[in-house]
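Here's the letter readout for the chains.
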Amino acid sequence: MEYVVAVLSIIGIHALLGLSVYLVAITGQLSFGQQGFYAIGAYLAGMATALWNWSLGPALALGTVAAGVVGFLVGFPALRVRGLYLGIATLGFGEIVRLGFLNLKYTKTIGGRLVGPNGAEGFRHVTYVYERGITQGQYLLVILLALALVIVLISLLERSRLGVQFRAVEEDEIAAAVAGVHVTAVKVLAFTLGGMVAGLGGALFVHYSTYIDHEMVALPLAVSAVTYAMLGGLGSCWGTVLGAAVLISLTEGLRVAKEFRLIVYGALIILVMTLRPRGLVDERVVLWLGGWMRRRRWRLDAP
Amino acid sequence: MSALLLDVVQQTINGLMYGAFYALLGIGFTLFFGVMKKFNLAYGPTVMAGIYLGLLPLYVWKAPIWVVVLTCVAGAVLVGLLVEVACFRYVAPGNELAPLMTTIGMLILIQELVVLLTHAAPFEYPPVFGDESLELGPFLVRPDYLAILLAGLLFVGLLYLLVEHTAFGRAMRAVAENPRVAQLLGVDVSRVNTLTFVLTSAVGGASGFLVAMTFGALQPGIAGWMTIKGLVVIVIGGLGSIPGAVLAGLLLGVVEFQALWFLGITWRDIFAYLLLFAFLVLRPAGLLGRAAT
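Residues numbered from 1 in each chain as written. Chains lettered and ligands numbered in written order. Predicted model: local features only at pLDDT ≥ 70, side-chain atom pairs only at ≥ 80, totals over all residues.

(A) Spatial organisation of the overall build of chain A. From N to C terminus, chain A includes 13 helices and three strands. What you see for chain A is a C-alpha radius of gyration of 20 Å, in line with the 19 Å of a compact globule of 303 residues. Principal axes of the C-alpha set define a box for chain A whose edges measure 70 × 45 × 40 Å. Relative to its 303 residues, chain A shows a buried fraction of 50%. (Helix = DSSP H or I, 4+ residues; strand = E, 2+ residues; numbered from the N terminus. Rg over C-alpha atoms; globule rule 2.2 N^0.38 Å. Buried ≥ 20, exposed ≤ 12 C-beta atoms within 10 Å, placed from the backbone.)

(B) Representation of the environment of B:Tyr273 within the structure. Mapped onto the fold, B:Tyr273 is located in helix H11 (residues 265-282). A C-alpha to C-alpha distance of 19 Å links B:Tyr273 and B:Gln11, two positions 262 residues apart in sequence.

(C) Broad picture of the interface of chain A and chain B. The interface of chain A with chain B comprises 31 residues on the first partner and 34 residues on the second. Among the secondary structure elements, those contributing two or more residues to the side of chain A that touches chain B are helix H4 (83-103), helix H10 (219-232) and helix H12 (258-275) of chain A. Counting residues per element, the side of chain A that touches chain B draws most heavily on H4(A), which supplies eleven residues. Classifying every residue of the side of chain A that touches chain B by side-chain character gives 21 nonpolar, five polar and five charged. (Contact = placed C-beta atoms within 7 Å. Nonpolar A, V, L, I, M, F, W, Y, C, P; charged D, E, K, R; others polar.)

(D) Fine view of the confidence of the model for chain B. All names here are of chain B. When pLDDT is averaged along chain B, the result is 85, and 98% of the positions lie at 70 or above. Between the elements of chain B, mean pLDDT differs from a low of 74, seen in strand E2 (residues 134-136), to a high of 91, seen in helix H3 (residues 65-89). Our summary of model confidence lists the complex with pTM equal to 0.88 and ipTM equal to 0.83. (pLDDT = per-residue confidence, 0-100.)

(E) Up close: the pairing of strand E2 (residues 113-117) of chain A. Residues and elements named next belong to chain A. Across three bridges, strand E1 (residues 108-110) lies against E2 in antiparallel orientation. When the sheet's bridge partners are listed, Ile110 is paired in E2 with Arg113. When E2 meets strand E3 (residues 123-124), the two strands line up antiparallel, connected through two bridges. By the bridge assignment for E3, Gly116 is matched with Arg124. (Pairing = 2+ DSSP bridges.)

(F) Here's a closer look at H10(A). Residues and elements named next belong to chain A. Here H10 is 14 residues long and its end C-alpha atoms lie 20 Å apart, about the 20 Å a rise of 1.5 Å per residue gives. Where burial is concerned, most of H10 is hidden: twelve out of the 14 residues are buried. What H10 keeps buried is the set Leu221, Ala222, Val223, Ser224, Ala225, Val226, Thr227, Tyr228, Ala229, Met230, Leu231 and Gly232. (Expected span 1.5 Å × (residues − 1).)

(G) Highlighting the sheet that holds E1(A). Strand order in the open sheet formed by three strands is E1-E2-E3 (chain A), with antiparallel pairing between adjacent strands. Where the open sheet ends on each side, the last strands, each with one partner, are E1 and E3 of chain A.

(H) Geometry of the environment of A:Leu262. Tracing the chain through its elements places A:Leu262 in helix H12. Once the C-alpha coordinates of A:Leu262 and A:Ala229 are considered, the two residues, 33 residues apart in sequence, prove to be 18 Å apart. For A:Leu262, the residues in contact, after removing those within four places along its chain, are B:Ile108 and B:Glu112.

(I) A look at the packing of helix H7 (residues 161-171) of chain A against helix H9 (residues 183-209) of chain A. Residues and elements named next belong to chain A. Between H7 and H9, whose axes approach to 10 Å, the crossing angle comes to 105°. With respect to H9, the element H7 is oriented roughly perpendicular. Across the interface between the two elements, Gln165, Phe166 and Val169 of H7 pack against Val183, Val186, Lys187 and Ala190 of H9. (Axes fitted to C-alpha atoms, helices over the stretch in contact; angles between N-to-C directions. Parallel < 35°, antiparallel > 145°, perpendicular 65-115°, else oblique.)

(J) Examining the nonpolar core more closely. The biggest cluster of nonpolar side chains holds 194 residues, and the ones touching the most others in it are B:Ala20 and B:Val235. If one sorts the elements of this core by residue count, helix H1 (residues 3-36) of chain B sits on top with 16 residues. Those residues within four positions of B:Val235 in sequence are excluded, and the remaining contacts are A:Tyr85, A:Ile88, B:Leu276, B:Phe279, B:Leu280 and B:Gly286. (Core = buried A, V, L, I, M, F, W, Y, C linked by C-beta atoms within 7 Å.)

(K) Inspection of the packing of helix H10 (residues 242-263) of chain B against H11(B) at higher detail. Residue and element names in this part refer to chain B. With their axes 8 Å apart at the nearest point, H10 and H11 run at an angle of 145° to one another. Our pair here, H10 against H11, has a crossing hand that is right-handed. Taking contact as the criterion, the partners of Leu252, Val255, Glu256, Ala259, Leu260 and Leu263 in H10 are, on H11, Ile265, Trp267, Arg268, Phe271, Ala272 and Leu275. (Left-handed = near helix turned anticlockwise from the far one by under 90°.)

Below is the structure:
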């Protein structure tokens, strides 16, 4: 049971990271830098509870908002580049953040322990959750609530006028601009929201694991985050959640054959992207599901 | 000369030599992009797999060094063709992101396969040129780095002749310009694509051998490192430009070595990415590239 709770917690946190890629991707921008926002959220929220004695709620909010502000700032230079160039630029951003935290030293001695980001040693003893006696199951609820909130907000966004504008920018920037969409605002907004969601994920993660270091927010995490969104599909945010759930369950399920775990992972990415280039839950699936649900409702309504 | 100036010049020399690695990596990447208009993130693992296969004759049969080089090239070509079939051939056209993801999958797959087969133990690669540094006035030059620089220049020269002065080169340029029109004019596009994989993998295999020889040891993590550095180089140099990749590689090497010497090891990569950022924001087309997409 404990194991299931742990796996679900990781799925929830990684789904948030994947959703931050998704938010940026539905405006046609591919980001390999969302782990940078995740790191910012994790370090700041961790410092808030461990060093400044904040409680969990404000700390999560701080991590979310700080990552959002950085996302806003990154959004502007990111406007200059598109497509694959943007992928590389964001990859550079993520790595700069990681190397920044590798160099960050800000420690205090609390209760005889050295607490705080300590360069290559990482940031240990973010023990808020355990000191307050919050069980793993209760913390899982916190994670799932946060995830549910984000999913609801993204679904509302996608049903709104703004959501249509996001998709329009993905489809054709010039056409969208001609139709009156403020392309700059849409793209910067996508980066800001994406940064916030990733920051929230990081803030939740550091309190779950009590520890974070620069290697945990390196490129493999970026690759995972992009894979959740791409493999899951860009038709709906549920695709990303599904992608995270499938890939993490799979790697956990294959733990017995641990040498082959990542080999299967790689092969699966190749297979799925060849068969379904827009991911598992692509636009066609969403349309079909929508149609099916409408037909059912009609049948139920019929006398 | 003042000590500071001596340091700067010595680090510039080291940076140029090391940058020749980056230039070699960039050449294969950029050639591929020029023709296919796609990134091949599995290029690093292709090169790595090639130089690991080169270990086979070295360790098993104690073969002479030229056999090792040829095996590296042949191995890389073999893996490169595998990448073409697995990651590109069957992906529906018109999806820009799908082949990017399949090559990421391949990157993980090849890297983990090598980890599995070698138990992640580093393998020694034999030095060909010994450890003695050449003295050039007050400066030191490592002969193996010099060999890489010269090999880089040689490859650029050969590729220039191939691309500009042969029928195959003309076909490649036609496909790069516009694959549909090239097809209409009788160029066998899929053959050109396959041969591009062969060519870039062969260049990668030969460059990879030089890199492995200079490092003295080989471990699977090299695949990701080569992919990242290659990407940085081709963006700075301008996508598709071979001379641009060479210049960018050398520039990246010099910047990294100055940062390493004056600020320390953790600053090295920060400066590499800052250079990348500066180019993306101020000159997105790169050093010698045409207009950015």
